[in-house]
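# Topology and contacts: notes
Now for the letters of each chain:
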Amino acid sequence: MAVMTLRIPDDLDPSIRAGAEAAGLSLNAYIVRAARRQAVLDAAQRLAELGLGDDLCGEGDAL
């Protein structure tokens, strides 16, 4: 596991904390979940750009 320091602009802090609270997550868990979700979306977009988004490995998954 990597340790990172994240600096959140003051104007974003309240909304991020409110989102974490609404989701019932710690601030750390909320930010990790958001980063993971974005990484998956970025990878899916890249696969789609490569023409692999219609059918992934024939398993019935699609983007």
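Anyway, here's the lowdown on the structure attached to this text. All figures in this text were calculated on a predicted structure; none of them were measured in a lab. (Residues numbered from 1 in each chain as written. Predicted model: local features only at pLDDT ≥ 70, side-chain atom pairs only at ≥ 80, totals over all residues. Heavy atoms only, no water.)

### A closer look at the overall build of the protein
Counting secondary structure elements, the protein contains two helices and zero strands. A total of 63 residues make up the protein; the buried ones form 6% of that total. Only carbon and sulfur atoms are counted for the fraction: they give 55% of the accessible area of the protein, which is about 5500 Å². (Helix = DSSP H or I, 4+ residues; strand = E, 2+ residues; numbered from the N terminus. Buried < 20%, exposed > 50% of the residue type's maximum accessible area, 1.4 Å probe, protein only. Areas by Shrake-Rupley, 256 points an atom, 1.4 Å probe, with all protein chains shown as cover.)

### Description of the packing of helix α1 (residues 13-23) against helix α2 (residues 27-49)
At their nearest, the axes of α1 and α2 sit 9 Å apart, and the two run at 95 degrees to each other. Considering their axes alone, α1 and α2 lie roughly perpendicular with respect to each other. Taking contact as the criterion, the partners of Ile 16, Arg 17, Gly 19, Ala 20 and Ala 23 in α1 are, on α2, Leu 27, Tyr 30, Ile 31 and Arg 33. (Axes fitted to C-alpha atoms, helices over the stretch in contact; angles between N-to-C directions. Parallel < 35°, antiparallel > 145°, perpendicular 65-115°, else oblique. Contact = heavy atoms within 4.5 Å.)

### Looking at the pattern of salt bridges
Taken as a whole, this structure holds two salt bridges when the rule is applied. A salt bridge links Arg 17 to Asp 13; the shortest N-O distance between them is 2.9 Å. Here Arg 17 pairs with Asp 13, and both are found in helix α1, just four residues apart, close to one helical turn. Taking the relative accessible area as the measure of exposure, Arg 17 reaches 46% and is therefore partly exposed. The class of Asp 13 is partly exposed, set by a relative accessible area of 24%. Across the pair Glu 49 and Arg 46 runs a salt bridge, and its minimum N-O distance is 3.6 Å. You can see Glu 49 and its partner Arg 46 sitting in helix α2, three residues apart, about one turn around the helix. By relative accessible area, Glu 49 is classed as exposed at 53%. (Salt bridge = Lys/Arg side-chain N within 4 Å of Asp/Glu carboxyl O.)

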